[in-house]
Amino acid sequence: MKRLPSIEPAGLTSDALALYEKIIAGPRGASMLDEAGGLAGPFNAMLLSPPVGDALQELGAAIRYRSGLSDRAREMAILVVAHHWGSAFEQRVHEEIGRRLGLSDGQLDALRTGAPVELDDPEESAVLRVARALVARGDLDDEEYAALPEKAVFELTTLVGYYATLAMQLRVFRV
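Here the structure is a predicted model, which means the values were calculated and not measured. (Residues numbered from 1 in each chain as written. Predicted model: local features only at pLDDT ≥ 70, side-chain atom pairs only at ≥ 80, totals over all residues. Heavy atoms only, no water.)

The full count for this structure, using the stated rule, is 1 aromatic pair. For the ring pair Y162 and Y163, a centre distance of 4.8 Å and an interplane angle of 90° mean the geometry is edge-to-face. (Phe/Tyr/Trp six-rings, centres within 6.5 Å; stacked < 30°, edge-to-face > 60°.)

Given below as structure tokens:
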């Protein structure tokens, strides 16, 4: 059962309302609204502490919209984290995005189960291998570390940590 009810805009403090408006005005847009007009997924809980919630959503926006990882590689890494943490919300949302980016049903099934994924792009293969190592061990061996440029390793470790945080919050608040 959902622990945190949808926080509707009418009941928000001025700081929380500013964050609410920032989220729905940004690239995520109205797709983050639930049927009651509250924020869906992890964004509802961010309203509980606007300073922390804003920093967290800004980090997410940077990862999603301003990193150097390709869109498909980023979505595969997110799906690795969703699978590892058993995060149904992340899985559903990011499978839809991955499908729009050309990931096949077979590839999505493999990402969902942790099976090998057939990929033509060497960067995507490296991102997948590194993301799986990060969720499995929280570390990289020298070969995994060298599989990507250091900037990509930084962005990917940040992505894995961010989506692990969201998965934990989604679990705790029973979203």
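Within the secondary structure layout, G102 lies in the loop between helix 5 (88–100) and helix 6 (105–113). On the basis of relative accessibility, which here comes to 47%, the residue G102 falls in the partly exposed class. In contact with G102, other than residues within four places in its own chain, are R72 and Q107. (Helix = DSSP H or I, 4+ residues; strand = E, 2+ residues; numbered from the N terminus. Buried < 20%, exposed > 50% of the residue type's maximum accessible area, 1.4 Å probe, protein only. Contact = heavy atoms within 4.5 Å.)

Evaluation of the coordinates by the stated rule reveals 11 salt bridges. One salt bridge in this structure joins K22 and D54, with 3.0 Å as the shortest N-O distance. Note that K22 is positioned in helix 1 (residues 14–25) and D54 in helix 3 (residues 50–65), a separation of 32 residues in sequence. By relative accessible area, which is 23% here, D54 ends up partly exposed. (Salt bridge = Lys/Arg side-chain N within 4 Å of Asp/Glu carboxyl O.)

This part is about the side chain of E155. Looking at the secondary structure, you find E155 in helix 9 (residues 150–172). Summary of buried charges: E155 has no salt-bridge partner, and the nearest side chain of opposite charge, K151, is 4.1 Å away. Residue contacts for E155: discarding those within four places in its chain leaves S67, G68 and L69. (Lys, Arg positive; Asp, Glu negative; His and termini not counted.)

Take the packing of helix 5 against helix 9 next. The interhelical angle for the contact between helix 5 and helix 9, taken along N-to-C directions, is 125°, at an axis separation of 9 Å. In terms of orientation, helix 5 and helix 9 fall into the oblique class. Only Y163, L166, A167 and L170 of helix 9 make contact with helix 5, whose side of the interface consists of F89, E90 and H94. (Axes fitted to C-alpha atoms, helices over the stretch in contact; angles between N-to-C directions. Parallel < 35°, antiparallel > 145°, perpendicular 65-115°, else oblique.)

In terms of nonpolar packing, the biggest core is built from 46 residues, with L47, L111, L148, L156, L159 and Y163 touching the most fellow members. Of all elements in the fold, only helix 1, helix 2 (43–46), helix 3, helix 4 (71–85), helix 6, helix 7 (122–137) and helix 9 reach the threshold of two or more residues within this core. In terms of residue count, the dominant contributor to this core is helix 9 (9 residues). Beyond its immediate sequence surroundings of up to four residues, L156 is in contact with L69, A77, V127, V130, A131, L134 and L148. (Core = buried A, V, L, I, M, F, W, Y, C linked by side-chain atoms within 4.5 Å.)

One turn of an α-helix holds 3.6 residues; hence residues three or four places apart share an orientation. An ideal rise of 1.5 Å per residue puts 33 Å on 23 residues; helix 9 measures up with 33 Å between its terminal C-alpha atoms. Along helix 9, the residues classified as buried are A152, V153, E155, L156, L159, V160, Y162, Y163, A164, L166, A167 and L170. Among the structural elements, helix 2, helix 3, helix 4, helix 5, helix 7 and helix 8 (142–146) are those in contact with the buried residues of helix 9. Just beyond helix 9, the residue with positive phi is R174, at close to 55°. (Expected span 1.5 Å × (residues − 1).)

Distances and angles like these do not, on their own, reveal function.
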